[in-house]
Amino acid sequence: MNEKLPTHYSNKLEINYNKHSAYLTDRVKLKAVLPGIIFGLMLAVLGLYEWLNAFGGSGGEITPADATVAYKPILAVWFFDLCFILLGLGIFVTNIFLFIRYNKYIIKDNSVIIIKRLIFRDKVILQENLDKYTGVRFRVEFMESGFLTQNRYIVELYNPNFEKIIPLYITKSSKNVRKKWKEYAKKFKLPAMIYTDEGLKKIELKNLNKSIAEQVKSGFIEDNYDTYEVLPSAVAFTRKSDKMVLKVRKIVWDVYNFVAWFSIFIISLTAIFVWFNIDSFTGLLQSTLYILSFVAVLIVIVAIQILFRKEKMVIKKHKIVNTHKYMLFSTKHNEMLKKDIEAIEVTGNPVTGRYYVSIISDDNTITFGAKMAIQDLQWIKKFLVHEIIK
């Protein structure tokens, strides 16, 4: 699986298509970048204020009043002022650029016009006939947000040319995604599409509303679970009196984890350096650094908890529950009634090659095992299908 994906900017988006026309602008919301703009501007102003010695200092290095020998910090105070100015300006300009770029989509009868405004490039205008679109695709995109990983659920009008793909519905909530997927497939009178371990799979409209049990009965999918098949080494299975539990045995490290560990190292090193040189600062800058150091410690603690998180799937009589197990506690992440499940697929991202199990109902979606090997995910899919239709 190796295919380019379009870049969508919004995390919440829905197109209103009335079978004749539609208009949509896809851009980052102002309220999403406004905190970054304000924070960046404040950092830059604070750094400039200290640089100009606005608090009445002499402009030289600060010496504690009770010191008998002049205090010599490792780095001059002006260096930290410069860092604040550059960091603030960087955050401010980056968020401005994020807001400036956009994609516009215009559908009128059988004509599609796409306008892309990019940074440091001229506008790009693309045209296409609506009948060149071959399906309505659903996919889950994993978003790295600092140390957190979020799911972004995307329904889009599919075209073989990835630059002409049109976003129809985007959300970070798993609620009602399949329902929207079906609605758009019906509006455009096209098959539903989803990436699986077998490639891009098409689902005809008549099969979209069937439960897993109905699909097995009609022969659309098979229950080929073998109770004598060897349990994958990456999966721990426990059977209890009222439930069964699937666990991911070990944490799978990837490039994002190593980037996160590197970030933790840099943040920790910076906080320690600031603590040992806190007397080099004064006034508002010193108070700000105290607060930022405290926030940095909290970020490191939370980040370590997230990095050691493991997934667990609890299968009960009438429902399945997806939980996240941290170092010190566990949380219920999502749950779904068995009777509501309409699809279980080993789906994937065609760019990263990362696969996961998607459990989909009309109004909910659960993803499980995002970093596991594909053969382990295929076993989990077969096991879940077998247990759900029993």
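Look up a bit, the structure's there.
Residues numbered from 1 in each chain as written. Predicted model: local features only at pLDDT ≥ 70, side-chain atom pairs only at ≥ 80, totals over all residues. Heavy atoms only, no water.

Trainee: I keep staring at the sheet that holds strand β4 (residues 111–117) and nothing clicks. Help me out?
Mentor: Each strand in a sheet pairs with another by means of backbone hydrogen bonds, the pair being arranged parallel or else antiparallel. Strand order in the open sheet formed by four strands is β2-β3-β4-β5, and the pairing between neighbours is antiparallel. Only two strands of the sheet have a single partner each, and these edge strands are β2 (21–26) and β5 (124–129). Each strand axis lies, on average, 10° off the axis of its neighbour in the sheet, ignoring direction. In this sheet, strand β3 (residues 102–108) lies alongside β2 in antiparallel orientation, the contact comprising six bridges. For D26, the partnering residue across the bridge sits in β3 and is N103. (Pairing = 2+ DSSP bridges. Helix = DSSP H or I, 4+ residues; strand = E, 2+ residues; numbered from the N terminus. Axes fitted to C-alpha atoms, helices over the stretch in contact; angles between N-to-C directions.)

Trainee: What am I meant to see in a positive patch on the surface here?
Mentor: On the surface, K240, K247, K310 and K325 cluster together into a positively charged patch. The topology assignment puts K310 in strand β13 (residues 310–315). A relative accessible area of 31% means that K310 is categorised as partly exposed. (Patch = residues over 30% accessible without salt bridge, like charges linked within 9 Å, V, L, I, M, F, W, Y side chains within 5 Å. Areas by Shrake-Rupley, 256 points an atom, 1.4 Å probe, with all protein chains shown as cover. Salt bridge = Lys/Arg side-chain N within 4 Å of Asp/Glu carboxyl O. Lys, Arg positive; Asp, Glu negative; His and termini not counted. Charge placed at Lys NZ, Arg CZ, Asp CG, Glu CD. Buried < 20%, exposed > 50% of the residue type's maximum accessible area, 1.4 Å probe, protein only.)

Trainee: Would you explain the side chain of N322 in this entry?
Mentor: With respect to the element layout, N322 can be found in strand β14 (residues 319–325). On the basis of relative accessibility, which here comes to 0%, the residue N322 falls in the buried class. A distance of 3.3 Å separates a polar side-chain atom of N322 from the backbone oxygen of K312. Filtering out sequence-adjacent residues up to four positions away, N322 remains in contact with E311, K312, M313, K332, H333, N334, I366, T367 and F368. (Polar contact = N/O pair within 3.5 Å; in protein donor to acceptor, adjacent residues only side chain to side chain. Contact = heavy atoms within 4.5 Å.)

Trainee: Is there a simple way to think about the sheet that holds strand β15 (residues 330–337) in this case?
Mentor: Across the sheet, five strands lie side by side as β11-β12-β13-β14-β15; this open sheet has antiparallel pairing. The open sheet is flanked by β11 (235–239) and β15, the only strands paired with a single partner. Here the strands of the sheet are splayed against their neighbours by 20° on average, with no regard to which way each runs. Pairing of β11 with strand β12 (residues 244–248), which is carried by five bridges, proceeds in the antiparallel orientation. If you follow T238 over to β12, its bridge partner there is V245. Docked against the sheet, helix α8 (residues 374–389) engages β11, β12 and β13, running at close to 165° with respect to β12.

Trainee: Hey, could you run me through a nonpolar patch on the surface in this one?
Mentor: Where nonpolar side chains cluster on the molecular surface, the patch consists of I272, W275, F276, Y290, I291, F294, V295, V297, L298, I299 and I301 and spans about 1,100 Å² of accessible area. Put simply, the parts of the chain that give the nonpolar patch at least two residues each are α6 (255–276) and α7 (283–307). The dominant element in the nonpolar patch, judged by the number of residues it contributes, is α7, at eight residues. Assignment of secondary structure puts V297 in helix α7.

Trainee: Would you explain the nonpolar core in this entry?
Mentor: For soluble globular proteins, the rule of thumb is that nonpolar side chains tend to be buried together. Grouped together as the largest cluster of nonpolar side chains are 38 residues, with contacts concentrated most on V136, F138, V155, L157, I166 and L168. Looking at this core, the element that brings in the most residues is helix α3 (residues 177–188), giving five residues. With residues up to four places along the chain from it excluded, the contact list for V136 reads V155, E156, L157, L168, W181, Y184, A185, L190, P191, A192 and M193. Ranked by size, the runner-up nonpolar core spans 28 residues in total, among them I320, V357, M372 and I380. (Core = buried A, V, L, I, M, F, W, Y, C linked by side-chain atoms within 4.5 Å.)

Trainee: Looking at this structure, how should I read the packing of aromatic side chains?
Mentor: Within a pair of aromatic rings, the relevant descriptors are the distance that separates the centres and the angle that separates the planes. For the coordinates displayed, the defined rule picks out eight aromatic pairs. Ring plane angle 40° and centroid distance 5.3 Å describe the contact between F138 and W181, whose orientation is recorded as tilted. Here W181 lies in helix α3 and F138 lies in strand β6 (residues 135–145), a separation of 43 residues in the sequence. One aromatic cluster in this structure is built from Y225, F237, W379 and F383. Of note, R27 hangs over the ring of F99, and the distance from its end group to the ring centre comes to 4.6 Å. (Phe/Tyr/Trp six-rings, centres within 6.5 Å; stacked < 30°, edge-to-face > 60°. Lys NZ or Arg CZ within 6 Å of the ring centre and 35° of its normal.)

Trainee: Can you help me understand the pairing of β3 in this one?
Mentor: The two faces of the sheet receive side chains in turn, since in a regular strand these alternate between them. Strand direction decides the pairing type here: β3 and β4, joined by seven bridges, are antiparallel. By the bridge assignment, Y105 is partnered in β4 with I114. Connecting β3 to the antiparallel partner β4 that follows it, the hairpin turn spans two residues, and D109 within it adopts a positive phi of roughly 55°.

Purely geometric numbers; function is a separate question.
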